[in-house]
Amino acid sequence: MEASFSLPKDRIRILLLEGIHESAAQHLAAQGYRQVTRVKTALEGEALTEALKGVHMVGIRSRTQLTAPVIEAADRLMAIGCFCIGTNQVDLNAARMAGIPVFNAPFSNTRSVAELVMGEIVMLLRRIPSRSEQCHAGGWDKSAVNAWEVRGKTLGIVGYGSIGSQLSVLAEAFGLRVIYYDTMDKLPHGNATPVATLQDLLGQSDIVSLHVPQTDETRNMIGEAEIRAMKPNSILLNNARGR
Ligand SMILES: NC(=O)c1ccc[n+]([C@@H]2O[C@H](COP(=O)([O-])OP(=O)(O)OC[C@H]3O[C@@H](n4cnc5c(N)ncnc54)[C@H](O)[C@@H]3O)[C@@H](O)[C@H]2O)c1
């Protein structure tokens, strides 16, 4: 008889919450994991604890809060998969104490955020939100006062990591001049130029876009003094993890 050292794959129960795409279940099935349940929403409280009973692996996005009591109550849990970048919705210490590894997908939304930022820059420089509101109220303002092309404007990127550097590439293709500030030495893409301080960046940028992680250092990193250091009529975008 062949010795078996691990639980057979077809007995491993996997729960995917928050509408994780069915391709994940197909991929798992192709690897031999047949017991995969998909739930469209996030769960919380008693419903989450109940749903995790007997589950070996759980897949979540950023809404499901896997707190210490939830992790401790999960009787069979052996892996947590975060189908997103951040892991602050998981009590990592509790997971560590329970010997449960936590996986994330650091590049899953990189391009998506960079694209969104480009869209926001164009829409805001053209003052589309206020024009749209006016139009829906029956108005029609054809004036181009205070509506600008992005070409030739300066974009200041705070945090030149996965998202910030992708944004840099897209922004230069749009004709923006790109400067960036990071606490680590980061190799520039294209003609992007690093600046020495956040203050330098704020004073030069027509658009400031934040792409830093949530840490003690970045909490409240933009306050009154920083906003005052920005150019008049400039735009501040925050698509980093906010709470
Ligand atoms: N809006 C969304 O849908 C969405 C989606 C994915 C990620 N995010 C968030 O975007 C942020 C950036 O993600 P990423 O994948 O590019 O992360 P990353 O770790 O690749 O890059 C972060 C960069 O910030 C720099 N940094 C850290 N502290 C800094 C500081 N005090 N000042 C300046 N730079 C600093 C780091 O050196 C790094 O280069 C994260 O907070 C992430 O959670 C948002």
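Remember, predicted model here, so these are calculated numbers, not experimental data.

Calculation rules
- Residue positions are given per chain, counted from 1 along the sequence in the order it is written.
- Local features in a predicted model are, by the rule used here, given only for residues with pLDDT of at least 70; side-chain atom pairs are given and counted only at 80 or more, and totals for whole chains, interfaces and linings are based on all residues.
- Hydrogen atoms and water are omitted, and side-chain values are computed over all heavy atoms in the structure.
- Helix and strand definitions follow DSSP, with helices as H or I runs of at least four residues and strands as E runs of at least two, each counted in order from the N terminus.
- Only the C-alpha atoms count toward the radius of gyration. The rule for a globule is 2.2 Å times the residue count to the power 0.38.
- The buried label goes to any residue with under 20% of its type's maximum accessible area, the exposed label to any with over 50%, and the partly exposed label to all in between, with areas taken from a 1.4 Å probe on protein chains only.
- Note on areas: these come from Shrake-Rupley sampling with a 1.4 Å probe, and a residue is covered only by the protein chains present in the view.
- Domain ranges listed in this record stem from an automatic or a database domain assignment.
- Here a residue is near a molecule or strand as soon as one of its heavy atoms is found within 4 Å of it.
- Any pair of N or O atoms that falls within 3.5 Å is considered a polar contact. Within protein, one atom must be able to donate a hydrogen and the other to accept it, and sequence-neighbouring residues count only if both atoms are side-chain atoms.
- Side-chain classes are defined by residue name, with Ala, Val, Leu, Ile, Met, Phe, Trp, Tyr, Cys and Pro counting as nonpolar, Asp, Glu, Lys and Arg as charged, and the others, Gly among them, as polar.
- Aromatic contacts are taken between Phe, Tyr and Trp rings whose centres are within 6.5 Å, Trp giving its six-membered ring; a plane angle under 30 degrees counts as stacked, one over 60 as edge-to-face, and the others as tilted.
- Strands pair, by our definition, only if DSSP identifies at least two bridges between them.
- Think of it as the arc spanned by the lines of direction from the helix axis to the C-beta atoms.
- With axes taken as lines fitted to C-alpha atoms, and helix axes fitted only over the stretch in contact, angles between N-to-C directions fall between 0 and 180 degrees.
- Should an angle fall under 35 degrees it is called roughly parallel, over 145 degrees roughly antiparallel, and 65 to 115 degrees roughly perpendicular, with every other angle called oblique.
- Each crossing gets its handedness from the near helix: less than a right angle anticlockwise from the far helix is left-handed, clockwise is right-handed.
- Two residues qualify as a contact provided that any one of their heavy atoms is within 4.5 Å of a heavy atom in the partner residue.
- Here a crossover is taken to be right-handed if, once the strands point away from the viewer, the path from the first strand over the helix to the second is traced clockwise.

**Considerations on the overall build of the protein**
Inference 1: When you go through the protein residue by residue, the secondary structure sums to 9 helices and 10 strands.
Inference 2: The C-alpha radius of gyration of the protein comes to 23 Å, more than 25% above the 18 Å expected for a compact globule of 243 residues.
Inference 3: Once the C-alpha set of the protein is aligned to its principal axes, its extents read approximately 75 × 50 × 35 Å.
Inference 4: Looking at the 243 residues of the protein, the share that counts as buried comes to 37%.
Inference 5: Total accessible area computed for the protein in this model is approximately 14,700 Å², and 53% of it derives from carbon and sulfur atoms.

**A closer look at the domain arrangement of the protein**
Inference 1: By domain assignment, the protein separates into domain 1 (9-103) and domain 2 (110-238).
Inference 2: The centre of domain 1, based on its C-alpha atoms, is set 35 Å off from the matching centre of domain 2.

**So, the site of the ligand**
Inference 1: Taken together, 22 residues form the shell around the ligand, and within it S162, I163, D182, V212 and N239 come nearest.
Inference 2: Between the ligand and K186 there is a distance of 3.2 Å, counted from an oxygen atom to a side-chain nitrogen or oxygen.
Inference 3: Relative to its free-state accessible area of 870 Å², the ligand is covered by the protein chains to the extent of 80%.
Inference 4: Here the shell around the ligand is built from residues that sort into 10 nonpolar, 8 polar and 4 charged.

**Some details on the packing of aromatic side chains**
Inference 1: Across all of its chains, the model carries 1 aromatic pair by this definition.
Inference 2: For the pair Y160 and Y180, a centre-to-centre distance of 3.6 Å together with 10° between the ring planes defines the contact as stacked. Residue Y160 is located in the loop between β6 (154-158) and α7 (162-173), and its partner Y180 is located in strand β7 (residues 177-181); the two are separated by 20 residues in the primary sequence. With respect to class, Y160 is no different from Y180; both count as buried.

**Some words on the sheet that holds strand β5 (residues 102-103)**
Paired through backbone hydrogen bonds, the strands of a sheet run either parallel or antiparallel to each other.
Inference 1: Judged by pairing direction, the sheet is parallel, and its 5 strands sit side by side in the order β2-β1-β3-β4-β5 without closing on themselves. Either end of the sheet is taken by a strand with one partner, and the two such strands are β2 (35-38) and β5.
Inference 2: Across 4 bridges, the pairing between strand β3 (residues 57-60) and strand β4 (residues 79-82) is parallel. Within β4, the position partnered with G59 by the bridge is G81.

**Side note on unusual backbone geometry**
Inference 1: A positive phi angle, near 60°, is found at R127, a position not held by glycine.
Inference 2: Topologically, R127 is positioned in the loop between α5 (110-125) and α6 (128-136).
Inference 3: Of note in this structure, N146 is not a glycine but carries a positive phi near 65°.
Inference 4: Take N146: it is sitting in the loop between α6 and β6.
Inference 5: Judged by relative accessible area, which is 40%, N146 ranks as partly exposed.

**Remarks on helix α1 (residues 22-30)**
Inference 1: Among the residues making up α1, those that are buried are A24, A25 and L28. Relative to the axis of α1, the buried residues are bounded by an arc of 95° and lie together on one face. Across α1 from its buried face, at more than 90 degrees, point the exposed residues H27 and A30.
Inference 2: Just beyond α1, the residue with positive phi is G32, at close to 100°.

**Some thoughts on the packing of α5 against α7**
Inference 1: Where α5 meets α7, the axes come as close as 8 Å, and the angle between the chain directions of the two elements is 50°. When the interaxial angle is binned, α5 and α7 end up oblique. In terms of crossing hand, the pair formed by α5 and α7 is right-handed. Packed against α5, whose contacting residues are T110, R111, V113, A114, E115, V117 and M118, the element α7 presents S162, I163, Q166, L167, L170 and A171 at the interface.
Inference 2: For the contact of α5 with α7, a count of residues per class yields 8 nonpolar, 3 polar and 2 charged.

**Quick notes on the side chain of S209**
Inference 1: For S209, the location among the structural elements is in strand β9 (residues 207-210).
Inference 2: Setting aside residues up to four positions removed in sequence, S209 forms contacts with V117, L155, G156, I157, V158, L167 and L237.

**Section: the pairing of strand β1 (residues 13-16)**
Inference 1: Inspection of the sheet shows β1 paired to β2 by 4 bridges, in the parallel sense. From the neighbouring strand, L16 faces β2, where its bridge partner is R38.
Inference 2: Note on the crossover from β1 through α1 to β2: the handedness is right-handed.
Inference 3: Strand direction decides the pairing type here: β1 and β3, joined by 3 bridges, are parallel. In the strand pairing of β3, I14 is matched with M57.

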